[in-house]
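These are the residues of each chain, in order.
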Amino acid sequence: MPSESGAISRDEVAHLARLARLAVTETELDTFAGQLDVILGSVARVGEVAAEDIPPTSHAVPLENVFRPDELRPGLSQEQALSGAPAAEEGRFRVPRILGEEA
Amino acid sequence: MSLTRLTAAELAEKIASREVSAVEAAQAHLDRIAEVDGEVHAFLHVGTEAALANAALVDEQVAAGTALGPLAGVPLALKDVFTTADMPTTCGSKILEGWRPPYDATVTARLRAAGITILGKTNMDEFAMGSSTEHSAYGPTHNPWDLSRIPGGSGGGSAAALAAFEAPLAIGTDTGGSIRQPAAVTGTVGVKPTYGGVSRYGLVACASSLDQGGPCARTVLDAALLHEVIAGHDPLDSTSIDRPVPSVVEAARIGAQGDLSGLRVGVVKELGGEGYQPGVRASFDAALQRLEKLGAEVVEVSCPHFEYAMAAYYLILPSEVSSNLARFDAMRYGLRVDEGASAEEVMAATREAGFGPEVKRRIILGTYALSSGYYDAYYGQAQKVRTLISRDFSAAFAKADVLVSPTAPTTAFPLGEKVDDPLAMYLNDLATIPTNLAGVAGMSVPSGLAEEDGLPVGLQIMAPALGEAVMYRVGAAFEASRTADEGALVAPEVAR
């Protein structure tokens, strides 16, 4: 549960940034921690509304599965799909190592 | 009269009757952009060649007697959040600098099919997060009414292009007010259609359950004409509504006759009063009197949960943002900063270099709101509040055909005033956020100038889901009556 005073610490912001793959700087951490604390203090107001028996809304328009016939349609060519890639090789996306040395 | 001063409807008529060529129309607007955009900075990219090529094609078709859409050859400014295969798409972000999408958004494709000339891509807060365009990585847009002030956001570029007569039509997107608030502060018209009314295919996502593309123009009729071009079911967007598009052009024409008798206009008690600038409140009160004069019955309605809308929005939106923007991973397209040996290190370095502070704040906030231990108290509770806001709307629409409020609590504020205070910036969308949470329709129409600063004020008109026809009718009636008395709002000539 959110703590009473100071919703979010600098360490927490650093942890969240790591989870979100953002290599934030020390200066940013200082700024964001203060700002996010203020924002969280404000949005925590949603907790004041008694809504225990209220169903949540994820989407304003009720969503249903949408089906279409399973037929061939033109899509992007390999060249088009790779056109914006930072690096490509042999018709594929070239990416940095994703597994450790040992794997 | 200069071609750039004409409405889209007037220009389209002249093109169709060969009084003016589409090439002349395009060139006049390209010249105007060259003349003033150095100061306004509404555009991130101008596609001169493609614009003139489209215009030439329309002229050929007109000459050949080909049946064309009602806006064929009319120039338009497209928010840089819709993919365009022939132009860069940056979303105002460094992470997409120079990116050329491999396909057109459905909105882009429909504009092309209608023969509309796309002049270029307009500036915006990065990934549509902001109310001032100051969060664009490419520098802010300046309000044509006062170049030292914000043009609103996130779609400030589109609104400023209209106000500066760089285009008679524009496209925006509205997640929490990004079409309506810029319209209000630039004295232009902006419409957020019902959620699902306009396809999101090829619209780079901010918050998927809230994002909605829509038309921007200088008149209600022009917005209606553009609305009918871009709206309608799209099999490529599974949230797109498979129902007929409301007849908004007809509604706007009927509305312009100025009779609103039999209509009930609900004033939302919670959207006004304290926190709203005196000149905004005065303009709103005058608007209510005008609506009554037009025959409408003005009633007060209460939406008690609207006071929690901003809090719910700033939990739901960042949550969706943190998930949606995970796609910018430096692997498939966009920026890559090759620092570090592993994919994870490259991702983190790229996202750090490619995203601006507001985007980072919202990603971190969303990551927090969705994390276990906090989920129920924040995201879960916000979703329940969302239900209560929808119920407030349903109850209000049982008492009134449309709801009204000021669009934004203030007129355009000076650039730099709120950029370092996120919470103050968020308050600009106080009155526009509820419609996004409930998925209903909303528009902003100019209601005059605020007495204290002489800057434009917007009247917000809200209608139930797929209730755009009545919204356009009220908007057009109000506009016709107001301009007959006070004249259209025209920004001062931009200094050269």
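The shown structure was predicted, so the numbers you read here are calculated from the model rather than taken from an experiment.

The rules behind the values
Residues numbered from 1 in each chain as written. Chains lettered and ligands numbered in written order. Predicted model: local features only at pLDDT ≥ 70, side-chain atom pairs only at ≥ 80, totals over all residues. Heavy atoms only, no water. Helix = DSSP H or I, 4+ residues; strand = E, 2+ residues; numbered from the N terminus. Rg over C-alpha atoms; globule rule 2.2 N^0.38 Å. Buried < 20%, exposed > 50% of the residue type's maximum accessible area, 1.4 Å probe, protein only. Contact = heavy atoms within 4.5 Å. Areas by Shrake-Rupley, 256 points an atom, 1.4 Å probe, with all protein chains shown as cover. Lys, Arg positive; Asp, Glu negative; His and termini not counted. Charge placed at Lys NZ, Arg CZ, Asp CG, Glu CD. Pairing = 2+ DSSP bridges. Buried area = accessible area lost by both parts, 1.4 Å probe. Salt bridge = Lys/Arg side-chain N within 4 Å of Asp/Glu carboxyl O. Polar contact = N/O pair within 3.5 Å; in protein donor to acceptor, adjacent residues only side chain to side chain. Nonpolar A, V, L, I, M, F, W, Y, C, P; charged D, E, K, R; others polar. UniProt positions renumbered as here; feature names shortened; annotations may be inferred. Right-handed = clockwise from strand over helix to strand, strands pointing away. pLDDT = per-residue confidence, 0-100. Axes fitted to C-alpha atoms, helices over the stretch in contact; angles between N-to-C directions. Core = buried A, V, L, I, M, F, W, Y, C linked by side-chain atoms within 4.5 Å. Arc of directions from axis to C-beta.

Q: Before we go on, may I ask you to explain the overall build of chain A in this structure?
A: In terms of regular secondary structure, chain A is built from three helices and two strands. In chain A, the succession of helices and strands from N to C terminus is α-α-α-β-β. Relative to a compact globule of 103 residues, whose C-alpha radius of gyration would be 13 Å, chain A shows 23 Å and is clearly more extended. By its C-alpha atoms, chain A is 55 × 45 × 30 Å across when sized along the principal axes. By residue count, 29% of the 103 residues in chain A fall in the buried class.

Q: Honestly, the overall build of chain B in this entry has me stumped. Any pointers?
A: Along its length, chain B carries 16 helices and 11 strands. The C-alpha radius of gyration computed for chain B amounts to 21 Å, which stays within 12% of the reference 23 Å derived for 496 residues, consistent with globular compactness. Principal-axis analysis of the C-alpha atoms gives chain B an extent of 65 × 55 × 45 Å. Taking all contacts inside chain B whose residues are at least 6 apart in sequence as the whole, residues at least 24 apart take part in 77%. Total accessible area on chain B is roughly 15,300 Å²; 51% of this is exposed by carbon and sulfur atoms. The positive charge centre, built from 37 side chains, and the negative charge centre, built from 59, are 3 Å apart in chain B.

Q: Is there a simple way to explain the pairing of strand β11 (residues 456-463) of chain B in this structure?
A: Two faces, one strand: in a regular strand the side chains alternate between the faces of the sheet. Residues and elements named next belong to chain B. In terms of residue burial, β11 counts as a mostly covered element, since eight of its eight residues are buried. Bridge count between strand β9 (residues 402-406) and β11: four bridges; the pairing is antiparallel. Residue Ser405 lies in a different strand from β11, and its bridge partner there is Gln460. In the sheet, strand β10 (residues 441-449) pairs with β11 via eight bridges, with the strands oriented antiparallel. Paired with Val445 across the bridge in β11 is Leu459. Between β10 and β11, which pair antiparallel one after the other, the connecting turn spans six residues, and Gly454 there sits at a positive phi close to 65°.

Q: Could you clarify how one ought to interpret unusual backbone geometry in this entry?
A: When glycine is set aside, most residues are seen to have a negative phi, and most peptide bonds are trans. Residues and elements named next belong to chain B. The omega torsion of the bond from Gly153 to Ser154 falls at 5°, within 30 degrees of zero and hence cis. Its location among the elements puts Ser154 in the loop between β3 (117-122) and α5 (156-163). Positive phi, normally seen in glycine, also occurs at Thr133, with a value near 65°. Looking at the element boundaries, Thr133 is found in the loop between β3 and α5.

Q: Please clarify how the interface of chain B and chain A should be interpreted in this entry.
A: A common way to state how big an interface is: give the accessible area lost once the parts meet. Each partner contributes residues to the interface: chain B has 61 residues there, and chain A has 55 residues. Roughly 5,100 Å² of surface becomes buried between chain B and chain A when both sides are summed, with 68% attributable to carbon and sulfur atoms. Of all residues in chain B, the largest losses of buried area upon contact with chain A belong to B:Ile364, B:Tyr368 and B:Lys384, amounting jointly to 12% of the total for that side. At the surface where chain B touches chain A, the tally comes to three salt bridges. Across the chain B-chain A interface, the total number found is 18 residue pairs in polar contact (both at pLDDT 80 or more). The set of elements that each furnish at least two residues to the side of chain B that touches chain A consists of α10 (309-324), α11 (343-354), α12 (357-369), α13 (376-399), α14 (422-426) and α15 (433-438) of chain B. Residue contributions to the side of chain B that touches chain A peak at 11 residues, all from α13(B). Grouping the constituent residues of the side of chain B that touches chain A by class yields 35 nonpolar, 13 polar and 13 charged.

Q: Quick question: what am I supposed to make of the UniProt feature "active site" (unreviewed entry) in chain B here?
A: Residues and elements named next belong to chain B. The feature "active site" (unreviewed entry), as annotated in UniProt, sits at Lys79, Ser154 and Ser178 in this numbering. These annotated residues cover 100 residues of sequence, and their C-alpha atoms lie no more than 10.9 Å from one another, placing them together at a single site. Contacts of Ser154, omitting those with residues within four sequence positions, involve Lys79, Asn123, Met124, Asp125, Ala128, Met129, Gly130, Ser131, Thr133 and Ser178. The class of Ser178 is buried, set by a relative accessible area of 6%. For Ser178, the residues in contact, after removing those within four places along its chain, are Lys79, Ala128, Gly130, Gly153, Ser154, Gly155 and Thr173. Side-chain polar atoms of Ser178 contact the side chain of Ser154, separated by 2.8 Å.

Q: Looking at this structure, I do not really get the pairing of strand β7 (residues 264-268) of chain B. What am I missing?
A: Residue and element names in this part refer to chain B. Taken across its five residues, β7 has four buried, putting it largely inside the fold. Across five bridges, β7 lies against strand β8 (residues 297-301) in parallel orientation. Counterpart to Gly266 in the pairing with β8 is Val299. Note on the crossover from β7 through helix α9 (residues 278-293) to β8: the handedness is right-handed. The pairing of β7 with β9 spans three bridges and is parallel. Bridge pairing in β9 links Val267 to Val404.

Q: Is there a simple way to think about the confidence of the model for chain B in this case?
A: Close inspection of predicted coordinates is inappropriate in any region flagged by low pLDDT. With 99% of its residues at a pLDDT of at least 70, chain B reaches an overall mean of 97. Overall fold confidence for the complex sits at a pTM of 0.97, while the interface term, ipTM, reaches 0.92.

Q: Looking at this structure, I do not really get the sheet that holds β3(B). What am I missing?
A: One key point about sheets: their strands pair by backbone hydrogen bonds, in either a parallel or an antiparallel sense. All names here are of chain B. A sheet is described by the order of its strands in space; here 11 strands give the open sequence β1-β3-β2-β4-β6-β5-β10-β11-β9-β7-β8, paired in mixed fashion. The outermost strands of the open sheet, each flanked by one partner alone, are β1 (43-46) and β8. Ignoring strand direction, the axes of neighbouring strands in this sheet form an average angle of 30°. Packing against the sheet, α13 makes contact with β7, β8, β9 and β11, and its axis sits at approximately 110° to β9.

Q: Teacher, can you tell me more about the nonpolar core here?
A: All names here are of chain B. Ranked by size, the top nonpolar core spans 157 residues in total, and within it Leu111, Phe127 and Tyr472 carry the most contacts. Tallying contributions element by element places α10 first for this core, with 10 residues. If sequence neighbours within four positions are ignored, Leu111 has contacts with Leu76, Leu78, Ile116, Ile118, Ile171, Leu226, Val229 and Ile230. The next biggest cluster of nonpolar side chains, apart from the first, holds 18 residues, and it includes Ala160, Ala161, Ala164 and Val494.

Q: Could you clarify how one ought to interpret helix α1 (residues 8-16) of chain B in this entry?
A: Along an α-helix, residues three or four apart share an orientation, since each turn contains 3.6 residues. Residues and elements named next belong to chain B. Looking at α1, one finds that the buried residues are Ala8, Leu11, Ala12 and Ile15. End-on, the buried residues of α1 take up no more than an arc of 100°, which puts them together on one face. In this structure, the buried residues of α1 make contact with α2 (22-40), α3 (48-64), β2 (75-79), β4 (169-173) and α7 (220-230).

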